[in-house]
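Listed here are the chains, written in short residue letters.
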Amino acid sequence: MQQDELIKKAKQYLANTYTRFPIVITKGEGCWLWDLNGHRYLDFLSGIAVCSLGHAHPNVVEALTIQAKKLFHVSNLFYMEPQTKAAEMLIEHSFGDKVFFCNSGAEANEAAIKLARRYSWKKYGEGRSTIITMESSFHGRTIATLSATGQPKFREGFAPVLDGFIHVPFNDIKALEKSIDKETCAVMIELIQAEGGVYVADKEYVRKLRDITRDKDVLLMIDEVQTGMGRTGTFFAYEQYGIEPDVMCLAKALGNGFPVGAIIAKDAVMEAFEPGTHASTFGGNPLAASAVIATINTLIDEDVIKNCAETGKYLYKGLMALKKKFPFITDIRGMGLIWGIEVTANGDEIVKEFLKEGVILNCLKGKILRLVPPLVVKKEEIDIFLEMASRIFERVKV
Ligand SMILES: *Cc1c(COP(=O)(O)O)cnc(C)c1O
């Protein structure tokens, strides 16, 4: 089928919830994608920070193939080897004691919201259920995670959303302190607000936030759906801050593209979940768990996180050089291999130019170019990007 024909059909049959790139992707390998016409693209989006090991990584392909021949699914009414192994590996590499598996980022955050309320209810009784989240945060599209999300535009037309969420300015410790009261059970935060525009939490702020929440037994829940699994140059972003959360939410890169999410917590917190309190039919099924195991093994065996930290620094240097050259670039923000380039030009138009030249990236809020390449990206591939960016930026009208 021709590309245009397929796009027409997709528009006919699919709900119109996305503004899509006008190409049909048919295959991928490493940091590269191919469309239906055989054009090749350098992928600096990774399926929205998902395919961190690149596309079609042989380890993940093999793990899924072997598992698919054995067992897809039995439900959580049974014990399963891959699920137990995946949980053990996540615990080995994180602050936590226990894992709850689900299928997406929104579901992970839903689980965290329920866990926080339940933990507080068991310990303190009714009336201590408010969760503080940040302005310009993003926590998902379900009604509860939409209520948590600090961007009113996403809630438009979906009222009533849930009570019990307070949004405060990001990186403002005074505002946070003021908003905590006897009804607060948790603070939910991204250490890098990714969808919101790549805003990075200050170290001092996060340390104070940890102290305050610990003092008041208010759970600190870090949404690492986008920053987890090596993206910032450490296994989890919280490690960059020298703190540990009470609850962490994961999804995106957890299965390198196989849909899977998780929350991780200490025993004292996860104990609030007992049989019958929370569940997911698919959560952590053998296929998903085998993807998690292969992903973690590969992150470690192939030194992927170290590569992320190194190539991340290299990319940052290149971006700073571009900023010096092009005054319409007003800010470069990020860490590891998640970067935002803020521009005063039309960001969506710039993305189109990149696509024409064979590089995929996306734009947030019309003015922040977001770079989240696979963590296995090579210096030579970063050079291709930087060289192309330099050429495209020459043509940008401000
Ligand atoms: C993508 C994202 C989510 C939502 O994940 P879904 O899998 O799309 O439900 C939640 N939080 C953060 C920080 C995200 O980046």
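Read on for an overview of the structure. Quick caveat: nothing in here was measured; it's all calculated off a predicted structure. (Residues numbered from 1 in each chain as written. Predicted model: local features only at pLDDT ≥ 70, side-chain atom pairs only at ≥ 80, totals over all residues. Heavy atoms only, no water.)

1. Comments concerning the sheet that holds strand E7 (residues 184-189)
- As summarised here, the arrangement of the seven strands in space is E4-E12-E11-E10-E7-E5-E6, forming an open sheet in which the pairing is mixed. Looking at strand neighbours, the two that pair on one side only are strand E4 (98-102) and strand E6 (165-168), the edges of this open sheet. Averaged over all neighbouring strand pairs, the angle between strand axes comes to 20°, with direction disregarded.
- As paired strands, E4 and strand E12 (residues 261-265) are joined by five bridges and run antiparallel to one another. When the bridges of E12 are listed, Lys98 appears paired with Ala265. (Pairing = 2+ DSSP bridges. Helix = DSSP H or I, 4+ residues; strand = E, 2+ residues; numbered from the N terminus. Axes fitted to C-alpha atoms, helices over the stretch in contact; angles between N-to-C directions.)

2. Digging into the packing of aromatic side chains
- Counted according to the given criterion, the structure contains 13 aromatic pairs.
- The side chain of Lys27 reaches across the aromatic face of Trp34, ending 4.8 Å from its centre.
- When the ring centre of Tyr314 is taken as origin, the NZ or CZ atom of Lys379, which lies over that ring, is 5.2 Å away. (Phe/Tyr/Trp six-rings, centres within 6.5 Å; stacked < 30°, edge-to-face > 60°. Lys NZ or Arg CZ within 6 Å of the ring centre and 35° of its normal.)

3. Describing the layout of surface pockets
- The computed volume of the second largest pocket comes to approximately 910 Å³.
- Around the second largest pocket, the lining comprises 26 residues; the ones closest to its centre are Asn76, Gln83, Val99, Phe100 and His278.
- Going through the elements one at a time, helix H4 (81-92) and E4 are the ones with two or more residues in the lining of the second largest pocket.
- Grouping the amino acids of the lining of the second largest pocket by side-chain chemistry returns 13 nonpolar, 10 polar and three charged. (1 Å grid on protein atoms, 1.4 Å probe; cavity = no way out; pocket = protein on both sides within 12 Å on 5 of 7 lines; lining within 4 Å. Points joined across faces, edges and corners; volume = space filled by probe spheres on them. Nonpolar A, V, L, I, M, F, W, Y, C, P; charged D, E, K, R; others polar.)

4. Section: the site of the ligand
- Neighbouring the ligand are the residues Ser104, Gly105, Ala106, Asn109, Phe138, His139, Glu190, Asp223, Val225, Gln226 and Lys252.
- Ala106 places a main-chain nitrogen or oxygen 2.8 Å from an oxygen atom of the ligand.
- For the ligand, an oxygen atom lies 2.8 Å from a polar atom in the side chain of Gln226.
- Protein contact buries 80% of the 390 Å² of open area that the ligand shows by itself.
- For the shell around the ligand, the leading source of residues is helix H5 (residues 105-124), giving three residues.
- Class assignment of the residues belonging to the shell around the ligand gives a composition of three nonpolar, five polar and three charged. (Near = heavy atom within 4 Å. Polar contact = N/O pair within 3.5 Å; in protein donor to acceptor, adjacent residues only side chain to side chain. Areas by Shrake-Rupley, 256 points an atom, 1.4 Å probe, with all protein chains shown as cover.)

5. With respect to the packing of helix H3 (residues 58-70) against helix H10 (residues 286-301)
- Remark: H3 packs on H10, axes separated minimally by 9 Å, with the N-to-C direction vectors making an angle of 150°. Viewed along their axes, H3 and H10 adopt a mutual orientation that is roughly antiparallel. For the element pair H3 and H10, the recorded crossing hand is right-handed. For the pair H3 and H10, contact is made by Asn59, Val60, Ala63, Leu64, Gln67 and Ala68 and by Pro286, Leu287, Ser290, Ala291, Ala294, Thr295 and Thr298, respectively.
- In terms of residue class, the contact of H3 with H10 is built from eight nonpolar, five polar and no charged. (Parallel < 35°, antiparallel > 145°, perpendicular 65-115°, else oblique. Left-handed = near helix turned anticlockwise from the far one by under 90°. Contact = heavy atoms within 4.5 Å.)

6. Some words on the environment of Val343
- One can find Val343 in strand E14 (residues 338-343).
- On the accessibility criterion, Val343 (3% relative accessible area) is buried.
- As a C-alpha pair, Val343 and Glu302 span 41 residues in sequence and 35 Å in three-dimensional space.
- Val343 has contacts with Phe328, Ile329, Thr330, Ile350, Lys367 and Leu369, leaving out every residue within four places of it along the chain. (Buried < 20%, exposed > 50% of the residue type's maximum accessible area, 1.4 Å probe, protein only.)

7. Observations regarding the environment of Gly127
- Tracing the backbone through its elements, the reader meets Gly127 in the loop between H5 and strand E5 (130-134).
- Along the backbone, Gly127 and Cys185 are 58 residues apart, and their C-alpha atoms lie at a distance of 9.4 Å.
- Those residues in contact with Gly127 that lie beyond four places of it in its chain are Lys182 and Glu183.

8. Examining the pattern of salt bridges
- By the definition in use, this model includes 18 salt bridges.
- A salt bridge links Arg395 to Glu353; its shortest N-O distance comes to 2.8 Å. With Arg395 in helix H13 (residues 379-395) and Glu353 in helix H12 (residues 347-357), the pair connects residues that are 42 residues apart, well separated along the chain.
- With a relative accessible area of 23%, Glu353 lands in the partly exposed category. (Salt bridge = Lys/Arg side-chain N within 4 Å of Asp/Glu carboxyl O.)

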